[in-house]
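# Structural features, examined
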Amino acid sequence: MITVLSGGGGGAKFVDGLSSLTHDISVIANTGDDIQIYGLHVSPDVDTIMYALSGKIDDKKGWGIKNDTFVCQKYLKSLGYEDWISLGDKDLAVHIKRTELLKAGKTLAEVTSELCKRFGVNIPLIPMTDDYFQTHIELDSKTIHFEEYYIKRPEGKIKNIIYKGKEKAKPSEEFLNALDISDWVILPPSNPLVSIGTILSLKDIKKIIGEKKVIGVSPLIQGRAIKGPLVELMKSLDYEVNSFGVAKYYEGLLDIFIIDTMESDLAERIRGELGMEVFTTDTLMKTRRDRARLSKFVLNRMD
Ligand code: GDP
């Protein structure tokens, strides 16, 4: 059994590829991006993974449901609501259902499992925690929710990443059970700081994962992110902006690190300075074939 820790971009694409090769996986979704919008509980990474695994994702955008419309949100705007985050009509239906079930007393893990059933997803998709947890970005002028930062990209120096709720949030029971029966943990090409790092910040998780065999894939290719603010975040926190910097972030945790062929010049340094086994391959997932190919490459490195 394998546990995969995932965000909603690179992680969701990778998990989609992996699920075409094996069903012996549990996927743990980052919930640091969760946010209340229009009184609804929006869980961006959970949904992106769920939409990807069900084949319903809007592949062009990389989020949301394909062929969705935005009638409700336009109308909400006319009523004075903000619309900095795009929520389609079908997507809103999911948030309504989630919010209703949460209000009825179900945990986020139970709600996600029920939604997954309705979406025909038969791989366990598990939110990292059922508790309040939000990632915030501290800028020199203000502190804002990561989702708002991701979409608005406001000016200003990033001073810190804050995991709000970290002290009290417990890993979900389902997450701990998945780890219990896993020999391997995969860290896919998700944002290390605000997708994987969020999950790793939960109580005891680093220690438990440290006892497993861990394999990771770098989300940087030639020092650039495919999407999202990883480069800006790494720069601000003084990490070298390339796969060495990512490996440094995972130092002591990763046994094997897969980096893009374009960064193969870093392999020797990662091996020598950080003591990881390093393999290189083409890590860009443009098509579903690429996703399966990269996942296969990862599976083949795990004896
Ligand atoms: P988020 O929740 O939307 O931020 O998504 P993730 O954390 O799962 O993934 C974001 C990271 O995925 C970014 O740093 C991207 O560089 C990386 N990424 C996206 N697509 C690819 C890809 O095809 N290959 C690789 N190597 N990284 C990717």
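This text follows the structure it describes.
Figured I'd write up the structure that's included with this text.

## Thoughts on the pattern of salt bridges
Scanning the model with the defined rule gives 17 salt bridges in all. One salt bridge in this structure joins Arg291 and Asp16, with 2.7 Å as the shortest N-O distance. Here Asp16 lies in helix H1 (residues 10–19) and Arg291 lies in helix H13 (residues 288–301), a separation of 275 residues in the sequence. The class of Asp16 is buried, set by a relative accessible area of 6%. Between Glu240 and Arg269 there is a salt bridge, with its nearest N and O atoms 3.0 Å apart. Of this pair, Glu240 sits in the loop between helix H10 (230–236) and helix H11 (243–249) while Arg269 sits in helix H12 (residues 267–274); the two residues are 29 residues apart in sequence, bridging distant segments of the chain.

## Focus: the pairing of strand E9 (residues 184–187)
Neither face of E9 is open: one carries Trp184 and Ile186, the other Val185 and Leu187, and all of them are buried. Pairing of strand E1 (residues 2–6) with E9 involves three bridges; the strand directions are parallel. Bridged to Ile2 within E9 is Trp184. Judged from the four bridges that link them, E9 and strand E10 (residues 213–217) form a sheet pairing that is parallel. Looking across to E10, one finds that Ile186 is bridged to Ile215.

## Some thoughts on the site of the ligand
Close to the ligand lie 22 residues; Gly9, Ser190, Ser195, Pro219 and Met285 are nearest. Backbone polar atom of Gly9 to an oxygen atom of the ligand: 2.6 Å apart, as the coordinates give it. At 2.9 Å, a side-chain N or O of Lys13 approaches a nitrogen atom of the ligand. Taking 600 Å² as the accessible area of the ligand by itself, protein coverage stands at 95%. By residue number, the principal contributor to the shell around the ligand is H1, which donates three residues. The residue inventory of the shell around the ligand, partitioned by class, reads nine nonpolar, 10 polar and three charged.

About the cut-offs
- Residues numbered from 1 in each chain as written.
- Predicted model: local features only at pLDDT ≥ 70, side-chain atom pairs only at ≥ 80, totals over all residues.
- Heavy atoms only, no water.
- Salt bridge = Lys/Arg side-chain N within 4 Å of Asp/Glu carboxyl O.
- Helix = DSSP H or I, 4+ residues; strand = E, 2+ residues; numbered from the N terminus.
- Buried < 20%, exposed > 50% of the residue type's maximum accessible area, 1.4 Å probe, protein only.
- Pairing = 2+ DSSP bridges.
- Near = heavy atom within 4 Å.
- Polar contact = N/O pair within 3.5 Å; in protein donor to acceptor, adjacent residues only side chain to side chain.
- Areas by Shrake-Rupley, 256 points an atom, 1.4 Å probe, with all protein chains shown as cover.
- Nonpolar A, V, L, I, M, F, W, Y, C, P; charged D, E, K, R; others polar.

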